[in-house]
Amino acid sequence: GENVEQHPSTLSVQEGDSAVIKCTYSDSASNYFPWYKQELGKRPQLIIDIRSNVGEKKDQRIAVTLNKTAKHFSLHITETQPEDSAVYFCAASHTDSWGKLQFGAGTQVVVTP
Amino acid sequence: EAGVTQFPSHSVIEKGQTVTLRCDPISGHDNLYWYRRVMGKEIKFLLHFVKESKQDESGMPNNRFLAERTGGTYSTLKVQPAELEDSGVYFCASRQREEAFFGQGTRLTVV
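Parameters at a glance
- Residues numbered from 1 in each chain as written.
- Chains lettered and ligands numbered in written order.
- Predicted model: local features only at pLDDT ≥ 70, side-chain atom pairs only at ≥ 80, totals over all residues.
- Heavy atoms only, no water.
- Helix = DSSP H or I, 4+ residues; strand = E, 2+ residues; numbered from the N terminus.
- Buried < 20%, exposed > 50% of the residue type's maximum accessible area, 1.4 Å probe, protein only.
- Contact = heavy atoms within 4.5 Å.
- Pairing = 2+ DSSP bridges.
- Axes fitted to C-alpha atoms, helices over the stretch in contact; angles between N-to-C directions.
- Salt bridge = Lys/Arg side-chain N within 4 Å of Asp/Glu carboxyl O.
- Buried area = accessible area lost by both parts, 1.4 Å probe.
- Polar contact = N/O pair within 3.5 Å; in protein donor to acceptor, adjacent residues only side chain to side chain.

Participant: When you look at the environment of A:Ala91 in this model, what are you seeing that I'm missing?
Facilitator: All names here are of chain A. Positionally, Ala 91 belongs in strand β9 (residues 86–92). The class for Ala 91 is buried, based on a relative accessible area of 0%. Taking the C-alpha atoms as reference, Ala 91 lies 20 Å from Gly 41; in sequence the two are 50 residues apart. Setting aside residues up to four positions removed in sequence, Ala 91 forms contacts with Tyr 32, Phe 33, Pro 34, Phe 73, Leu 101, Gln 102 and Phe 103.

Participant: Help me understand the sheet that holds strand β8 (residues 75–79) of chain B in this model?
Facilitator: Residues and elements named next belong to chain B. Strand order in the open sheet made by the four strands is β1-β3-β8-β7, with antiparallel pairing throughout. Of all strands in the sheet, those bounded by a partner on one side alone are β1 (5–7) and β7 (65–68). For this sheet, the mean angle separating the axes of adjacent strands, direction not counted, is 15°. Note that β1 and strand β3 (residues 19–24) share three bridges and pair antiparallel. Note on β3: the bridge partner recorded for Thr 5 is Asp 24.

Participant: So what exactly am I meant to see when it comes to the pattern of salt bridges here?
Facilitator: Opposite charge on two side chains allows them to pair when their charged atoms are near. Residue and element names in this part refer to chain A. Enumeration over the complete set of coordinates arrives at seven salt bridges over all chains. In this structure, Lys 57 engages Asp 49 in a salt bridge whose closest nitrogen and oxygen atoms are separated by 2.8 Å. Among the residues examined, Lys 57 registers a relative accessible area of 36% and is labelled partly exposed. Judged by relative accessible area, which is 15%, Asp 49 ranks as buried.

Participant: I keep staring at the interface of chain A and chain B and nothing clicks. Help me out?
Facilitator: In this assembly, 20 residues from chain A lie in contact with 23 residues from chain B. Both sides together, the interface formed by chain A and chain B hides about 1,900 Å², and carbon and sulfur atoms give 54% of it. Sorting the residues of chain A by area buried against chain B places A:Arg43, A:Trp98 and A:Lys100 first, and these three jointly supply 36% of that buried surface. Put simply, chain A and chain B have two salt bridges between them. Along the contact surface separating chain A from chain B lie six residue pairs in polar contact (both at pLDDT 80 or more). Those elements giving two or more residues to the side of chain A that touches chain B turn out to be β4 (32–38), β5 (45–51) and β9 of chain A. At three residues, β4(A) tops the list of elements feeding residues into the side of chain A that touches chain B.

Participant: Help me out: how do you make sense of the environment of A:Glu5 in this one?
Facilitator: All names here are of chain A. With respect to the helices and strands, the residue Glu 5 is situated in strand β1 (residues 4–7). Note on Glu 5: relative accessible area 41%, which makes it partly exposed. With 74 residues separating them in the primary sequence, Glu 5 and Glu 79 have C-alpha atoms 25 Å apart.

Participant: Can you help me understand the pairing of strand β7 (residues 62–67) of chain A in this one?
Facilitator: Side chains on a regular strand alternate between the two faces of the sheet. All names here are of chain A. Two strands pair when backbone bridges link them, and strand β6 (residues 56–59) and β7 are joined in this way by four bridges, in the antiparallel orientation. Note that in β7 the partner of Lys 58 across the bridge is Ala 63. Joining the antiparallel neighbours β6 and β7 is a turn of two residues, in which Gln 60 adopts a positive phi near 55°. In terms of strand pairing, β7 meets strand β8 (residues 72–77) through six bridges, oriented antiparallel. Following the sheet pairing, Leu 66 is matched in β8 by Phe 73. Hairpin connection, β7 to β8: the antiparallel pair is bridged by four residues, and Lys 71 has positive phi, about 55°.

If you want it as structure tokens, here you go:
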């Protein structure tokens, strides 16, 4: 089955700096890669996603890149702000049957003012 | 539109007792999933319903866990008898297209 590895497990950045989180996946059939943000005590929420037919997607300060050949994808947050502090999870799945999401272990991001 | 709702938000039970978790998905979402996060590790898949049918239950740890989705609406996840290692946060999610919407989770503590 699918296995998703996520690094780093914790990331501390100064406000205004960039943050990068990297994930690798094992199943070449995976074609949908969402990123979820979970703030303390709240539900995981989708912040950006990418399909395997696209190499990069951007939404304001957040961008995701996908390298299908190497089977890795990354989340980039620019101009970080204190409200970006949260746990971020990458995931992979097949969309054919809206199957399960296989998650990475999560990255605790702390943005210090 | 109401989101995914889970009850209870917290549950503390003794080893050997029974606990039932409930999930109300977003109305109209055929796909319902149960996940669990244990001790700060990854969010692990438990099972997937399509309407009232179990599509994939490969993540269920053992036969102490029983999930149901009668009528294809809300779902319950029963743990009987609970063990210490069952402690964690149990998430429910529903989706109709790409995006999976999560509930706030039930934090289960088995003592």
